[in-house]
Every structure is written in structure tokens, then in C-alpha cells.
Amino acid sequence: MLIGVKNKGQVTLFVILAVVLVALFLIVYGFRYFSGNNNVPASIEPAYNSFVSCLRGDVSSGISLMESEGGYIYLPEFESGSRDVPFSSQLNFLGEPIPYWSYLSAGGSWKNQIPSEKLMETQLAKFVDERISNCNLTKYSSQGFLIKTGKPETVISLNKNSVGVLLNMDMSFKKGNDSAEIKQTKLEVSSSLGNLYTSAVSLYNYEEKSLFLENYTLDVLRSYAPVDGVTITCSPKIWNAETRSEERRV
């Protein structure tokens, strides 16, 4: 009986050891896979990490530009107003054009130009493609690196609290006897762009249904300016803001 118990304890110990080894393998493998280092040799990591940092910076720049331009990087065609409709399709904010999501055209009709998530992803991917080729890695040439890059093709996924990036671009790194061939680079950039877009669209749709901004404007006008009644007079009427404020307090 003691021998049986001993054998059973040994088997249990081996099972536990096997589970621990498998878990360690999965942790190490998972870390290598999700860290995005593509199993790059240690001697080549500095150059590749600089490239990844450059990619992250380009994505962040595109996100910042998109947040400041109403969800666009490449603006839609500008449409000016007319004498009868002194409006346009863009707001000039401190010299920076921001497309209106809804505007009154020169012909007097309302037009919408809300960017879709797909459009935003496509524009951000195009922005990264145009910028990443200019990533400066020349300093590594003097350190004995031989670096070759192919044509980039970026895929962007807009999430709630992050932006997923998949860069399909053939890259080869060589230094001494070490080399690495990389075809894809994956990373995630922390960003509230997705949440901001969802909130903005929700607010826009609510305004379209309830016209709460227009109603608030009418409330303000009726509270602070004389807009009711008709007076016929030969002399111009003068509105005293201080007197009106005193009347409202009474």
C-alpha cells in the first residue's frame, strides 16, 4: 500500500511539473508573439525597435491630426458660400480648416460630410504609408547594419481605447552574422479616437432629432434680447443690455 501511494505521488509530481513547463512555454511564446519583436536577434533589436518607435510616432501624429480636423486627415473638397448663403463647407479655426459635418451649400441645400469609421481607417493607413518610408535609420549604417525595406501597406483598426496597426512591409536587417527577415509589424497605440468618434456621432444624431442647439439659441435670444412684438417708429430703437438684465432679475 505504501508503494502504491508513493508511485501515485510521483505521478502527480510529474504531472504538476509537466503543467508548469507547458505554462512557462506558453508564457514565453505568447510574450514573443504579442511583443511584436518577430524573434529579432539581440544585436539587431536596436535598429528594429527604432523602426517600431518611428511607426508608433507616425500613427500618433495621424491620430492627432484626425482629432483636430473633424475625423479627417485628407480634407474633402472645399465649397465656398455665396452672397445669398454666406456659408462654406469648412470652419477656419485659427488658420486651420475644419470640415463641417453638416453645412448649407451655396445653392441653399443642406449637405452632410460625416466621416465613416472605414474612411478614417483608410485615411490613417494612407498617412502611415506615406510617412513610414521616410523613417530615418541611417545612423545604424555606421554601426555595421545593412537594412532594406519594401513597399508599405498598412491596415488600421479603430477600437474604443486604441488603434490597431498592422504594417505589411518586407524588411531585412543584417549585422555581422546575424540577420532578420520581417514581413509584418503589429502594434497597438493607446488612443481615445474611437470613443470620441462614437460620442460625436451620437451627439450629432441627437441634435438632428431634437434640435437642442437651435432651441437653446432661441432660449438665449428670448432671455437676453427683445425678439417679440412689433413697434412702428421713425427713430431707431436702442437696446440697453444693462436695462434688459435688470428687467430679467426683477
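Up top is the structure these notes are about.
Throughout what follows, the structure given in this document is the object of discussion. The numbers attached to residues start from 1 for each chain and follow its sequence in the written order. Only residues with pLDDT of at least 70 get local features here, since the model is predicted, and only at 80 or more are side-chain atom pairs given and counted; chain-wide, interface and lining totals rely on the full set of residues. Hydrogens and waters are ignored; side-chain quantities use all the structure's heavy atoms.

## Observations regarding the overall build of the protein
Here's step 1: The helix and strand tally for the protein stands at six helices and eight strands.
Here's step 2: Strands are runs of DSSP state E lasting at least two residues, helices are runs of H or I lasting at least four, and both sets are numbered from the N terminus onward. When the helices and strands of the protein are placed in sequence order, the string is α-α-β-β-β-β-α-β-β-β-β-α-α-α.
Here's step 3: Counting only residues that meet the buried cut, the protein has 26% of its 250 residues in that class.
Here's step 4: Whether two residues are in contact is decided by their heavy atoms, any of which lying within 4.5 Å being enough. Long-range contacts, defined here as pairs at least 24 residues apart, represent 56% of the contacts in the protein between residues at least 6 apart. The buried label goes to any residue with under 20% of its type's maximum accessible area, the exposed label to any with over 50%, and the partly exposed label to all in between, with areas taken from a 1.4 Å probe on protein chains only.

## With respect to the packing of helix H4 (residues 193–210) against helix H5 (residues 212–224)
Here's step 1: At their nearest, the axes of H4 and H5 sit 7 Å apart, and the two run at 60° to each other. Accordingly, the angle class assigned to the pair H4 and H5 is oblique. Only Phe-212, Leu-213, Glu-214 and Asn-215 of H5 make contact with H4, whose side of the interface consists of Leu-203, Tyr-206, Glu-207 and Ser-210.
Here's step 2: Charged residues are taken to be Asp, Glu, Lys and Arg, nonpolar residues to be Ala, Val, Leu, Ile, Met, Phe, Trp, Tyr, Cys and Pro, and polar residues to be all remaining types, Gly included. Tallied by class, residues from the contact of H4 with H5 come to four nonpolar, two polar and two charged. Angles run from 0 to 180 degrees between N-to-C directions of axes, and those axes are lines fitted to C-alpha atoms, restricted for helices to the stretch in contact. Note that the term roughly parallel is reserved for angles under 35 degrees, roughly antiparallel for angles over 145, roughly perpendicular for angles of 65 to 115, and oblique for everything else.

## Digging into the pattern of salt bridges
Here's step 1: Counted as salt bridges are all cases of a side-chain nitrogen of Lys or Arg within 4 Å of a carboxyl oxygen of Asp or Glu. Taken as a whole, this structure holds two salt bridges when the rule is applied.
Here's step 2: Salt-bridge contacts for Lys-183 lead to Asp-170; the nearest nitrogen and oxygen are separated by 3.6 Å. With a gap of 13 residues between them, Lys-183 in strand E8 (residues 178–190) and Asp-170 in strand E7 (residues 162–175) connect regions that are remote in the sequence.
Here's step 3: Of the residues examined, Lys-183 reaches a relative accessible area of 58% and is grouped as exposed.

## Description of the packing of aromatic side chains
How two aromatic rings sit relative to each other is given by the distance of their centres and the angle of their planes.
Here's step 1: A pair of Phe, Tyr and Trp rings is counted when the ring centres sit within 6.5 Å of each other, with Trp represented by its six-membered ring. The angle between the planes then sorts it: under 30 degrees is stacked, over 60 is edge-to-face, the rest tilted. Going through the model one piece at a time under the given rule, you end up with seven aromatic pairs.
Here's step 2: Between Tyr-48 and Phe-173, the aromatic rings sit 5.9 Å apart at their centres with planes inclined by 85°, giving edge-to-face as the arrangement. Here Tyr-48, found in helix H2 (residues 45–68), pairs with Phe-173, found in strand E7; they are 125 residues apart in sequence, far enough to count as distant.
Here's step 3: For Tyr-48, a relative accessible area of 1% translates into the label buried.
Here's step 4: Classification of Phe-173 as buried rests on a relative accessible area of 1%.
Here's step 5: Connected via pairs of aromatic rings, a cluster forms that spans Tyr-48, Phe-51 and Phe-173.
Here's step 6: Throughout this description, the term charge over a ring refers to an Arg CZ or Lys NZ atom that lies within 6 Å of the ring centre and within 35 degrees of the ring normal. When the ring centre of Tyr-74 is taken as reference, the NZ or CZ atom of Lys-126 above it lies at 4.4 Å.

## Some details on H2
Residue pairs three or four apart in sequence face the same way in an α-helix, which turns once every 3.6 residues.
Here's step 1: The end-to-end C-alpha distance of H2 is 34 Å, a good match for the 34 Å that 24 residues give at a rise of 1.5 Å each.
Here's step 2: Residues of H2 that are buried: Ala-47, Tyr-48, Phe-51, Val-52, Leu-55, Asp-58, Val-59, Gly-62, Ile-63 and Met-66.
Here's step 3: Buried residues along H2 sit against helix H3 (117–132), strand E5 (145–149), E7, E8 and H4.
Here's step 4: A positive phi of about 65° marks Gly-70, the residue just after H2. Here, expected helix span is obtained from the residue count minus one, scaled by 1.5 Å.

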